[in-house]
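# Summary of the model geometry
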Amino acid sequence: MSPNQFQVKASFAGQQRASNARLSLGTHELTIHTSKGSDNNTTTAQVPYSCIYGYEAPNDKAVIAEQDRNKAVVVVHYVAFNGPNLRNPSAAKRTTAQFLFERTEDADRFTQTARDLGAFPKPRRILLLVNPNGGVGKAKRISDTVVKPMLQHSGLTVKEQYTEYGRHAVDIAAKVDLDEVDSLVVVSGDGVLHEVINGLLSRPDWDRARNTSIGIVPAGSGNAIAASLGIVSQFVATLAAIRGETSKLDIFSLSQLNRPRIYSMLSFSWGMMADADIESDNYRWLGPLRFDVAGFIRMIRLRRYSGKVYVLPPKYEQTPSTTEQQLTPPQSPSHKREPESRFQHLLDSNTKEPPKPWSLIPNMPFYSMLLLLNCPNVGETIFFTNTIRFNDGIMRLWYSAETRFWKILMPFLFDQQNGKMVERDLMKDLECGGILIVPGVEGKPDDPSTHTAIDPNWIISPSAKSQGIYQKPGLFDVDGEVMPTARTLIEIHPSLMNILVPEWWYHKDDDNTTARAHESAVIQATKTQQKVCSTFGGVSVVATAVAVVAAAVFLSVNGHSPVDFLQSTLHL
Ligand SMILES: Nc1ncnc2c1ncn2[C@@H]1O[C@H](COP(=O)(O)OP(=O)(O)OP(=O)(O)O)[C@@H](O)[C@H]1O
């Protein structure tokens, strides 16, 4: 037998009896060849390493039968899928395989070889932030019933902390001792992850803090990031947090004059979608449905939003012009206190047009919606487009001046799940390297006294008036949180942070051979898993049939009609 092979007795969760088995530790997966029955029929099951979230070698002799007391047990904990769609949240479950080795040395050699091959999670320190109020208040239950039980077997060092008030996660991330934490993982919606990013990037040592990996176990109502990463299943999200694989994440910074900068990992919107998103807070009790309800109401009571939006060509690298250099304040040590802004000077004046190569996007100055997106999903239930990648250093902007109700309704009605919302000719899109937004009206939308008209001509459009379309400044929505409606510069900071992803995650255009190999291993394993399930399924069908017939016989003996019984049982 080769050094990576082991003879054991193996059993899977839910099985009463162990079978003789040969374990093979491969490059990406553990294969279990089980022999059954007197004719030694063999079945094969696979456990990809990327699905293993922990193992234990219990000393508890109670789990070992009397005759095997001198032997050694290793239990492997992993996530199994019952189908090849690894993004389907109901396809994943956590389970175990238990192996009984002849000698403790064999068990030790197995765990050591598996560790060397990367089968088990590497030791890390995780700070878990749980928002007890996120979504419909289910985060605590998810943390207690899924996340902590999985972490318990992972060998990772875990600290858990509940957020106690709005924006508490900003304070926690801004103060956490980075010598003690490798990853910050939130059990919440996108809002708390947004706060963690803002806390980390507000630190004087932000350049170190940005390397602290961040992760999410979805427990909110939007869950756009989790949906984009294919980790809507809390089992898979926790697995990703435990295994520690990361992907680069572009970050947007949003700067306004005399206000602290805001960082975003997901989206910025203005117009119908922003208003609907923020207004949906009133229907939080509806869960994810709140976005549909608020969106529909906003479509019926459509508004137009006035302003000018300037964009910079994508990946614009040219050195600043002399004028720009004059306008850019000299580099001071305080500049190093946050990620560099190349165009901060554009905030200084409300009147000056930004110089070339900045250009005004057409169809202005009236919009019905404007959306900047960093991820394919706008929410768990809205798959916007797969053309976006969150690590390509490019900003994708969608905008529309459409005000016809049915035109806006169509993509939201028919294309929410298929990634084709952008193909309905409702929105125009462009790639850019920076955005400057000058709203026609500034201020906090909930406080009319603060509104200032930048240009009175932008305020009321004759066509909007004739169509009876409402006009208000509109909310600026960043990652689902409201920010003041004011002149805003949005810049991109490519690959600034690292986000925890499953090892098999890659964008379809990525040349990521390791992730692809992991993906093949997991999909291959689902096939063997399906075989195991269908065998169990076959057994349970036979068992059910036997039980129904036995019951029918019993009823017939007791004077009831077995035909009536069978008809009602089988819904004939
Ligand atoms: N203990 C708390 N009490 C009140 N608010 C809190 C508390 N902890 C966090 N928050 C706030 O809850 C808000 C929403 O959190 P979260 O993002 O987890 O859920 P969500 O909004 O339902 O999900 P999503 O952002 O995905 O739509 C955040 O703005 C956060 O500041």
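Cut-offs applied
- Residues numbered from 1 in each chain as written.
- Predicted model: local features only at pLDDT ≥ 70, side-chain atom pairs only at ≥ 80, totals over all residues.
- Helix = DSSP H or I, 4+ residues; strand = E, 2+ residues; numbered from the N terminus.
- Buried ≥ 20, exposed ≤ 12 C-beta atoms within 10 Å, placed from the backbone.
- Contact = placed C-beta atoms within 7 Å.
- Pairing = 2+ DSSP bridges.
- Axes fitted to C-alpha atoms, helices over the stretch in contact; angles between N-to-C directions.
- pLDDT = per-residue confidence, 0-100.
- Near = placed C-beta within 6 Å.
- Left-handed = near helix turned anticlockwise from the far one by under 90°.

Under an unreviewed UniProt entry, the name given to the protein is Sphingosine kinase 1, and the source organism is Linnemannia schmuckeri.

### Notes on the overall build of the protein
Each helix and strand in the protein was counted, giving 14 helices and 27 strands. Buried positions account for 42% of the 572 residues belonging to the protein. A sequence separation of at least 24 residues applies to 72% of the contacts in the protein between residues at least 6 apart.

### Re the sheet that holds strand β14 (residues 267-271)
Reading across from one edge, β20-β19-β18-β14-β25-β26 is the order of the 6 strands in this open sheet, with antiparallel pairing throughout. Either end of the sheet is taken by a strand with one partner, and the two such strands are β20 (428-432) and β26 (481-483). For this sheet, the mean inter-axis angle between neighbouring strands, taken without regard to orientation, is 20°. Seen against the sheet, helix α8 (residues 272-279) touches β14, β18 (369-373), β25 (476-478) and β26 and runs at an angle of roughly 105° to β14.

### Comments concerning the confidence of the model for the protein
Mean pLDDT over the protein stands at 80; residues scoring 70 or higher make up 78%. Overall, residues 532-545 carries pLDDT values under 50, and its contacts beyond four positions in sequence, including any with other chains, amount to 2 contacts. Here residues 562-572 is a poorly scored stretch, pLDDT under 50, and it has 11 contacts once near neighbours within four places are set aside; other chains count. Overall fold confidence (pTM) sits at 0.83, and the ipTM for the predicted complex is 0.96.

### Side note on the site of the ligand
Neighbouring the ligand are 22 residues; Gly-134, Gly-189, Gly-191, Gly-220 and Gly-222 lie closest to it. Looking at the shell around the ligand, the element that brings in the most residues is helix α4 (residues 190-201), giving 4 residues.

### Let's talk about the packing of helix α3 (residues 168-175) against α4
The interhelical angle for the contact between α3 and α4, taken along N-to-C directions, is 35°, at an axis separation of 7 Å. As for how α3 packs across α4, the hand of that crossing is right-handed. Contacts between α3 and α4 involve Ala-169, Val-170, Asp-171, Ile-172, Ala-173 and Ala-174 from the first element and Val-192, Glu-195, Val-196, Asn-198, Gly-199 and Leu-200 from the second.

### With respect to the sheet that holds strand β4 (residues 41-48)
Spatially, 7 strands are ordered β4-β3-β2-β1-β7-β6-β5 in an open sheet, and the strand pairing comes out antiparallel. Of all strands in the sheet, those with a lone pairing partner are β4 and β5 (52-56), marking the two edges. Averaged over neighbouring strand pairs, the angle between their axes works out to 30° when direction is ignored. Inspection of the sheet shows β5 paired to strand β6 (residues 72-81) by 4 bridges, in the antiparallel sense. Across the sheet, the residue bridging to Glu-56 is Val-75, located in β6. Of the strands in this sheet, β1 (5-12), β2 (19-25), β5, β6 and β7 (92-101) are in contact with helix α1 (residues 104-116), which crosses β6 at around 35°. Its contacts with the sheet put helix α7 (residues 234-243) on β5, β6 and β7, and the angle it makes with β7 is roughly 60°.

### Considerations on the pairing of β18
Counting buried residues in β18 gives 5 out of 5 residues, a clear majority hidden from the surface. Where burial is concerned, the two faces of β18 agree: the one with Met-369, Leu-371 and Leu-373 and the one with Leu-370 and Leu-372 are both buried. The pairing of β14 with β18 spans 5 bridges and is classified as antiparallel. From the neighbouring strand, Phe-268 faces β18, where its bridge partner is Leu-372. With 5 bridges connecting them, β18 and strand β19 (residues 395-400) associate as antiparallel partners. If you follow Leu-370 over to β19, its bridge partner there is Tyr-399.

### Points about the pairing of strand β27 (residues 488-500)
Note that strand β12 (residues 246-255) and β27 share 9 bridges and pair antiparallel. By the bridge assignment, Lys-248 is partnered in β27 with Asn-498. Where strand β21 (residues 434-439) meets β27, 4 bridges bridge the pair, whose relative direction is antiparallel. Bridged to Gly-434 within β27 is Glu-491.

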